[in-house]
Amino acid sequence: MTARRAGFVALLGAPNAGKSTLLNRLVGAKVSIVTPKAQTTRSRLLGIRIHGPAQVIFVDTPGIFEPRRRLERAMVRRAWRAAGDADMTVLLVDAARRPDAREANIVSGLGAGGRKAVLALNKIDLVPRERLLARADRLYGSGCFGDVFMISALTGDGVDDLLNRLAEGLPEGPWLYPEDDLSDAPLRFLAAEITREKLFLRLHDEIPYDTATETVGWQEFDNGGVRIDQTVYVRRTSQRAIVLGKGGARIRAVRQAAQRELAETLDRPVHLFLTVRVREGWPEDPERFRDLGLDYNV
Ligand SMILES: Nc1nc2c(ncn2[C@@H]2O[C@H](COP(=O)(O)OP(=O)(O)OP(=O)(O)O)[C@@H](O)[C@H]2O)c(=O)[nH]1
Ligand SMILES: [Mg+2]
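Residues numbered from 1 in each chain as written. Chains lettered and ligands numbered in written order. Predicted model: local features only at pLDDT ≥ 70, side-chain atom pairs only at ≥ 80, totals over all residues.

This part covers the overall build of the protein. On a plain count of helices and strands, the protein comes out with nine helices and nine strands. For the protein, the spread of C-alpha atoms along the principal axes amounts to about 55 × 45 × 40 Å. Each of the 298 residues in the protein was classed as buried or not, and the buried ones make up 39%. Long-range pairs, those at least 24 residues apart, make up 69% of the contacts in the protein between residues at least 6 apart in sequence. (Helix = DSSP H or I, 4+ residues; strand = E, 2+ residues; numbered from the N terminus. Buried ≥ 20, exposed ≤ 12 C-beta atoms within 10 Å, placed from the backbone. Contact = placed C-beta atoms within 7 Å.)

Here you go:
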């Protein structure tokens with residue numbers, strides 16, 4: 001029998017590179033929320049995949065960018081810490097975007113870590129092949145990468161090759177999580193994230209970044225149904241009006257979409273109740289940071 005392997009693989013990259021999309025594809029289930037907006041993921045989240053004798057534990061991380069607010073600083077700190085703690089790091093690069101200073105910063109941060117990372121050029125479904133090769137060459141020239149893969153997290157192209165390489169690279173040892181686990185995130189957290197995704201998809205400009213969601217109640221009934229109560233936090237009264245929408249239309253749409261996905265995910269009837277509260281200081285509230293597993297003092 002082949003010896004078992006297990007370990008952590010951090011998925012690192014700029015905001016919007018496709019880290020959460022890749023995590024979900026690798027796990028084969030939606031564990032992490034995905035939106036076209038940057039800075040969707042706020043915390044570290046595990047997605048677990050058994051591949052042959054290996055248990056590959058993927059670590060989704062917040063995108064790395066120039067942080068301004070405390071919450072953003074904590075998010076970026078969390079991403080780097082995940083890379084430091086992991087057995088291997090994959091840098092995901094959005095091949096459809098031009099290389100910029102942010103990308104250079106991440107590459108030099110990886111170089112400073114000393115270990116070679118795996119480069120995954122993502123979104124190859126959007127870019128002509130010649131351009132991909134030139135981009136891969138330039139990045140490989142940094143000396144930070146041991147392997148280069150070209151993938152589309154969206155279509156799945158190239159993802160199996162990447163998975164094979166990662167599974168082979170993990171240390172021998174017993175599996176670290178029960179065989180059926182897909183994630184380490186509690187259902188209450190995943191449920192709040194699903195609502196945040198629906199909210200992000202329906203809000204514009206800066207408002208998404210001023211919102212947070214929390215599951216505050218979870219009541220299971222004998223008939224198999226579950227009642228989930230959540231709070232949506234905003235920072236200003238004007239934002240509350242926008243989140244509610246005209247005659248409550250926006251929050252109704254968010255609630256319906258989130259409830260539908262929750263019912264599918266949990267495979268039972270769900271009644272979702274949302275309350276929108278103004279809490280000006282939520283991005284400075286230590287409790288929110290604790291919920292997200294982020295350091296407050298950054
Ligand atoms: N065309 C294409 N789109 C992709 C691909 N991978 C991800 N996307 C899209 O890119 C957007 C961002 O994807 P996410 O998975 O949320 O990106 P992320 O890196 O987790 O972003 P943050 O959490 O904000 O750091 C979404 O609209 C995805 O559908 C891909 O391979 N091809
Ligand atoms: Mg993400």
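From this point on, the discussion continues.
The next thing to look at is the domain arrangement of the protein. Entries for the protein in the domain assignment read domain 1 (5-169) and domain 2 (187-292). Just the C-alpha atoms count here: the centres of domain 1 and domain 2 sit 27 Å apart. Between domain 1 and domain 2, the contact holds eleven residues from the first and twelve residues from the second. The residue makeup of the side of domain 1 that touches domain 2, split by class, is three nonpolar, four polar and four charged. (Domains from an automatic or database assignment. Nonpolar A, V, L, I, M, F, W, Y, C, P; charged D, E, K, R; others polar.)

Turning to the sheet that holds strand S7 (residues 212-220), a few remarks are in order. Spatial strand order, S7-S8-S9: three strands in an open sheet with mixed pairing. At either margin of the open sheet sits one strand with a lone partner, and together these are S7 and strand S9 (270-278). Neighbour-to-neighbour, the strand axes of this sheet turn through a mean angle of 20°, independent of strand direction. Looking at chain direction, S7 and strand S8 (residues 226-234) are connected through eight bridges and run antiparallel. Paired with Glu214 across the bridge in S8 is Thr231. (Pairing = 2+ DSSP bridges. Axes fitted to C-alpha atoms, helices over the stretch in contact; angles between N-to-C directions.)

Take the site of ligand 1 next. Lining the immediate surroundings of ligand 1 are 24 residues, of which Gly18, Ser20, Thr41, Gly63 and Leu154 lie closest. With three residues, the single largest contributor to the shell around ligand 1 is helix H1 (residues 19-27). (Near = placed C-beta within 6 Å.)

Structurally, Thr40 is set in the loop between H1 and strand S2 (45-51). Considered as a pair, Thr40 and Ser20 are 20 residues apart in the sequence and their alpha carbons are 9.0 Å apart. Apart from residues no more than four positions distant in its own chain, Thr40 is found in contact with Ser20, Ile33, Val34, Thr35 and Phe200.

Right, let's talk about the nonpolar core for a bit. In terms of nonpolar packing, the biggest core is built from 54 residues, with Val9, Leu12 and Leu91 touching the most fellow members. The dominant element in this core, judged by the number of residues it contributes, is helix H2 (residues 70-85), at six residues. If we ignore the near neighbours within four places in the chain, the residues touching Leu12 are Thr61, Ile64, Ala79, Ala83, Thr89, Val90, Leu91, Leu92 and Ile106. Formed by 21 residues, the second largest nonpolar core is a distinct cluster that contains Ile33, Leu199, Ile228 and Ala258. (Core = buried A, V, L, I, M, F, W, Y, C linked by C-beta atoms within 7 Å.)

So, about the sheet that holds S2. Strand order in the open sheet formed by six strands is S2-S3-S1-S4-S5-S6, with mixed pairing between adjacent strands. One side of each edge strand has no neighbouring strand; the edge strands of this open sheet are S2 and strand S6 (145-150). Sheet twist, expressed as the average angle between the axes of neighbouring strands with direction ignored, equals 25°. Sheet topology note: the strand S5 (residues 117-122)/S6 ladder contains five bridges and is parallel.

Packing of helix H6 (residues 187-202) against helix H8 (residues 249-266) leaves a shortest axis separation of 9 Å and a crossing angle of 140°. It follows that H6 is oblique to H8 by the angle criterion. As for how H6 packs across H8, the hand of that crossing is right-handed. Contacts from Ala191, Ile194, Thr195, Lys198, Leu199 and Arg202 of H6 reach H8 at Arg250, Ala253, Val254, Ala257, Ala258, Glu261 and Leu262. For the contact of H6 with H8, a count of residues per class yields eight nonpolar, one polar and four charged. (Parallel < 35°, antiparallel > 145°, perpendicular 65-115°, else oblique. Left-handed = near helix turned anticlockwise from the far one by under 90°.)

Quick look at helix H5 (residues 159-169) now. For H5, the set of buried residues is Leu162, Leu163, Leu166 and Ala167. All buried residues of H5 fall inside an arc of 130° around its axis, so they share one side. Residues of H5 that are exposed and point over 90 degrees away from its buried face: Asp160 and Glu168. (Arc of directions from axis to C-beta.)

Let us look at the pairing of strand S4 (residues 88-94). Of all seven residues making up S4, six are buried, and the element is well covered by its neighbours. Examined bridge by bridge, strand S1 (residues 5-13) and S4 share five bridges and lie parallel to one another. Considered in S4, the bridge of Leu11 is made with Val90. As paired elements, S4 and S5 share five bridges and run parallel to each other. Bridging across to S5, Val90 finds its partner in Val118. Remark: the S4/helix H3 (residues 101-113)/S5 crossover connection has right-handed handedness. (Right-handed = clockwise from strand over helix to strand, strands pointing away.)

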